[in-house]
Amino acid sequence: MKVSDIKKGALSLMFANNEHDIFLAEFDTLMDNIEYAHFLVNMTDCINRALDIITTKRVLPLKLAELKTPVKKNKKYRHDLYTKVPDFYFLRTLTLDDKPINYNLRGGMLVVDTDQDIEIEYFPRAEHITGKGNNYELPIPNHIAQLIPYYIKGELYEQIEPQSALNSRAFFDRAIKDMQDEQQQGRQQSITKIYTMGDLQ
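So, here's what we can say about the structure.

Calculation criteria
Residues numbered from 1 in each chain as written. Predicted model: local features only at pLDDT ≥ 70, side-chain atom pairs only at ≥ 80, totals over all residues. Heavy atoms only, no water. Core = buried A, V, L, I, M, F, W, Y, C linked by side-chain atoms within 4.5 Å. Buried < 20%, exposed > 50% of the residue type's maximum accessible area, 1.4 Å probe, protein only. Helix = DSSP H or I, 4+ residues; strand = E, 2+ residues; numbered from the N terminus. Contact = heavy atoms within 4.5 Å. Pairing = 2+ DSSP bridges. Axes fitted to C-alpha atoms, helices over the stretch in contact; angles between N-to-C directions. Parallel < 35°, antiparallel > 145°, perpendicular 65-115°, else oblique. Nonpolar A, V, L, I, M, F, W, Y, C, P; charged D, E, K, R; others polar.

### Some thoughts on the nonpolar core
- By size, the foremost hydrophobic cluster in this structure holds 41 residues, and its most contacted members are L11, M43, L51, I54, L138, I148 and I152.
- Elements with a minimum of two residues in this core: α1 (3-14), α3 (27-30), α4 (34-40), α5 (43-56), α7 (142-145), α8 (148-156) and α9 (162-200).
- By residue number, the principal contributor to this core is α5, which donates seven residues.
- Apart from the residues within four sequence positions on either side, I152 is in contact with I6, A10, M43, C46 and I47.

Right under this line is the structure:
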């Protein structure tokens, strides 16, 4: 989903009577409307804040990364995750030959007992859009990106229609919470399946 689509979506929530015209308009022409421009100039920061929430709530799809060539120090092996995995946010699992191993994580420094290649499963960080331009395609699933206009309205419409803004923010928060619950349920089902299979062996 493009940044321009998110901003148009936010405008359409705030100006519901003009929704059709907003989505049909070229994005640059929307800035010529003084009423729209008042909101558009503040939307980039709002989108960044929404992306931070999406990151910290860990609702983005899990990713995999292979870690090689660690730095040896005091008989331990270190991987700087922030350097090797630029979008790293939160470690979920770490494996060697598909088996979990012991580790310590200090900030972004991963410390392990082996110099072999290891694989991590992690939640990524959503990158800010500052300087990306309105045609930038957000590298997050559309079903998550489509929630951001509700966050924007919740922030920017507060002084105009407080209750409407509150409802919009509540919709965003509730949708994010629902995704968290679905992920948690999926993990529990996965764990149950593993133990069930183990019981049959």
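After presenting the structure, the write-up continues.
### Comments concerning the sheet that holds strand β2 (residues 71-73)
- Taken together, four strands build an open sheet; the order of strands is β2-β3-β7-β6 and the sheet is antiparallel. Edge strands, defined here as strands with exactly one partner in the open sheet, are β2 and β6 (104-106). Along the sheet, successive strands turn relative to each other by an average axial angle of 30 degrees, direction set aside.
- Judged from the four bridges that link them, strand β3 (residues 76-80) and strand β7 (residues 109-112) form a sheet pairing that is antiparallel. If you follow D80 over to β7, its bridge partner there is M109.

### Focus on the side chain of S168
- Its location among the elements puts S168 in helix α9.
- Owing to a relative accessible area of 6%, S168 belongs among the buried residues under this scheme.
- Excluding anything up to four places from it in sequence, S168 contacts Y150, K153 and G154.

### A closer look at the packing of α1 against α5
- Between α1 and α5, whose axes approach to 11 Å, the crossing angle comes to 100 degrees. With respect to each other, α1 and α5 are oriented roughly perpendicular. Between α1 and α5, the residues in contact are V3, I6, K7, A10, L11 and M14 and M43, T44 and I47, respectively.
- Residue composition of the contact of α1 with α5, by class: seven nonpolar, one polar and one charged.

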